[in-house]
Every structure is written in structure tokens, then in C-alpha cells.
Amino acid sequence: MKKLSLLRHAKSDWQDPATRDFDRPLNDKGKRVSRAMGHWVASQKIRFDHIIASPAVRVQETIEHFIEGYGKRFDIDWERKIYLASSATILDVVRECDDQYDHILVVGHNPGIEDIIFDLVPDDGSEHRDMVEKKYPTGAFSELHLNCEHWAELSKPAQFQTFMPPRNVDPNFGPDII
């Protein structure tokens, strides 16, 4: 069984309207959220074999601070194709991964990140899926268990294992503050 985790980049800084979307950095709260989420994921003993990430500045900084909280360095596959990509494009990238990896973390953008859940997880009334239908906020993390032995076979249905929005890690990260 393969596992796929998804991390939406943390909140970016909009102070400079002249900054290209690709080049927007995280704001201070986004940095704190990223560290806290990395710490939470490590505390749950969730381990990854591989990370695929959008090369956008806000994703790079999310991973940098996530890793600080997680406490372990990773080799990262910076994949331009997933910058603002659809679920279908992200899943195509994952399907091309080497089967030596059992658990992949994808770090990217909405709507592609949350749409992966809608595309793979049946609408069975589960609490996690219902939460994602309301919102997959910046900095949120999820984990799916996939019914496949090879990434090329990735398809639905997936089992929704974990969904953790930042406000559930620390109420100060609530939507009214970020």
C-alpha cells in the first residue's frame, strides 16, 4: 500500500502588490504555522520517503520552516509542473514516481491540493472529507492511504487517514488571524 500526504503552502505575504505570484514569500504567521505543522507531523511519527514540491517561493519557505519543526532534512524534487496545477496534473506527476518510495509528500497550491482529495476519496460522509469540503486552509496537512502497490496504478478509492488544519494544532492559527 502506498501513502500520499498533501501539504498546502502556508499563508503568503501580499504587502508588495508588484511581486509576481510565483515570487511571493510567506508572511510571519505563515512561517510559524509551517514550523508548527512540521512539529505536529513529526509528533505523529509520519515519515516520508520522498517530497515533490512546487518551486514557488512560498512553497520553498513553507518546506524550509516545516523541516525546522519536523527536525529532519529531505531531498526535494522541485517540480515546476505542479505550480498552480490541477489535481490531474499533480496526480500524473505522482504516477511517474519510482516505486521505491512508499510515502510521498506533495507540497503545493489550491485548488489542486484539495481537489486530489475530491478526486480520490469517496464522498462517504467522513469527518475529514467533510472538513475539506468546507475549506483546505493554507498550511493544512492530510494523509491518504492508497489502494495500489505501484504509483502508476494510483486511482480511487483512497482512504482518508488524516486531516489537520493549522488551527487544530494551535487555536491562534485560526482563520480570523492568518
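For every chain, the first residue of the written sequence is number 1, and numbering continues from 1 along that sequence. Local features in this predicted model are restricted to residues whose pLDDT is 70 or higher, and side-chain atom pairs enter the listing and the counts only when it is 80 or higher, whereas totals over whole chains, interfaces and linings include all residues. To get the side-chain values, all heavy atoms of the structure are used, and hydrogens and water are removed first.

(A) Representation of the overall build of the protein within the structure. To qualify as a helix, a DSSP run of H or I must reach at least 4 residues; to qualify as a strand, a run of E must reach at least 2; elements of each kind are numbered from the N terminus. Counting its regular elements, the protein contains six helices and six strands. Across the protein, helices and strands are ordered from the amino to the carboxyl terminus as β-α-β-α-β-α-β-α-α-β-β-α. Classification of residues uses two cut-offs on accessible area relative to the type maximum, computed with a 1.4 Å probe and protein chains only: under 20% is buried, over 50% is exposed, and between them is partly exposed. Put simply, the protein has 178 residues, and 52% of those count as buried. Partitioning the contacts of the protein with sequence separation of at least 6, the portion at a separation of at least 24 is 75%. Only heavy atoms matter for contacts: two residues are in contact if any of them lie within 4.5 Å across the pair.

(B) Here's a closer look at the packing of helix α1 (residues 28–43) against helix α2 (residues 57–70). Relative to each other, α1 and α2 sit at 45 degrees, their axes nearing to 6 Å. With respect to each other, α1 and α2 are oriented oblique. Between α1 and α2 the crossing geometry is right-handed. Judged by residue contacts, Lys31, Ser34, Arg35, Met37, Gly38, His39, Val41 and Ala42 of α1 engage Glu61, Thr62, His65, Phe66, Glu68, Gly69 and Tyr70 from α2. Counted by class, the contact of α1 with α2 contains five nonpolar, six polar and four charged residues. Between N-to-C directions, angles span 0 to 180 degrees; the directions come from axes that are lines fitted to C-alpha atoms, helices contributing only their stretch in contact. Working definition: roughly parallel below 35 degrees, roughly antiparallel above 145 degrees, roughly perpendicular at 65 to 115 degrees, and oblique for all remaining angles. For a crossing to be left-handed, the near helix must be turned anticlockwise from the far one by less than a right angle; the clockwise case is right-handed. By the convention adopted, Pro, Cys, Tyr, Trp, Phe, Met, Ile, Leu, Val and Ala count as nonpolar, Lys, Arg, Asp and Glu as charged, and the other residues, Gly among them, as polar.

(C) Structural detail: the nonpolar core. In this structure, Leu4, Leu6, Ile104, Val106, Leu144 and Leu146 are the most contacted members of the largest nonpolar core, which totals 29 residues. Listing elements by their share of this core, those giving two or more residues are β1 (2–8), α3 (87–95), β4 (103–108), α4 (112–120), β5 (141–146) and β6 (158–164). When neighbours within four sequence positions are excluded, Leu146 is seen to be in contact with Met1, Lys2, Lys3, Leu4, Leu120, Trp151, Leu154 and Ala158. Here, nonpolar core refers to any group of buried Ala, Val, Leu, Ile, Met, Phe, Trp, Tyr and Cys residues whose side-chain atoms link them within 4.5 Å. Listed in part, the 25 residues of the second largest apolar core include Val33, Trp40, Tyr83 and Phe141.

(D) A look at the pattern of salt bridges. Salt bridge, as used here: a side-chain nitrogen of Lys or Arg that lies within 4 Å of a carboxyl oxygen of Asp or Glu. Inspection of the entire model under this criterion finds eight salt bridges. Linking Asp23 and Arg20 is a salt bridge whose minimum nitrogen-to-oxygen distance equals 2.8 Å. The exposure class assigned to Asp23 is partly exposed, which follows from its relative accessible area of 32%. A relative accessible area of 53% places Arg20 in the exposed class. Note that Arg95 and Asp92 form a salt bridge whose closest N and O atoms lie 3.2 Å from each other. Of this pair, Arg95 and Asp92 both sit in helix α3, three residues apart, roughly one helical turn. Linked through salt bridges whose partners overlap, the residues forming this network are Asp21, Arg24 and Arg58.

(E) Summary view of α2. Here α2 contains 14 residues, and its C-alpha end-to-end distance of 20 Å stays within 8% of the 20 Å for a straight helix at 1.5 Å per residue. Most of α2 is tucked away, with ten of its 14 residues classed as buried. Residues of α2 that are buried include every one of Arg58, Val59, Glu61, Thr62, Ile63, His65, Phe66, Ile67, Gly69 and Tyr70, and no others. Looking at the buried residues of α2, the elements they touch are β1, α1, β2 (50–53), β3 (76–78) and β4. In the segment just after α2, Gly71 is the residue with positive phi, at about 90 degrees. Multiplying 1.5 Å by the residue count of a helix minus one yields the expected span of that helix.

(F) Geometry of the packing of aromatic side chains. In summary, the pairing rule links any two rings of Phe, Tyr or Trp, Trp by its six-membered ring, whose centres are within 6.5 Å, and it sorts them by plane angle into stacked for under 30 degrees, edge-to-face for over 60 and tilted for everything else. Taken as a whole and assessed by the stated rule, the structure comprises nine aromatic pairs. Relative to Tyr83, the ring of Phe22 has its centre 5.0 Å away and its plane inclined at 75 degrees; by these criteria the two rings are edge-to-face. Taken together, the residues Phe22 in the loop between β1 and α1 and Tyr83 in the loop between β3 and α3 connect sequence positions 61 residues apart. Summarising the burial analysis for this pair, Phe22 and Tyr83 share the class buried. One aromatic cluster is present, formed by Trp40, Phe48, Phe66, Tyr70, Phe74 and Phe141 through successive ring pairs.

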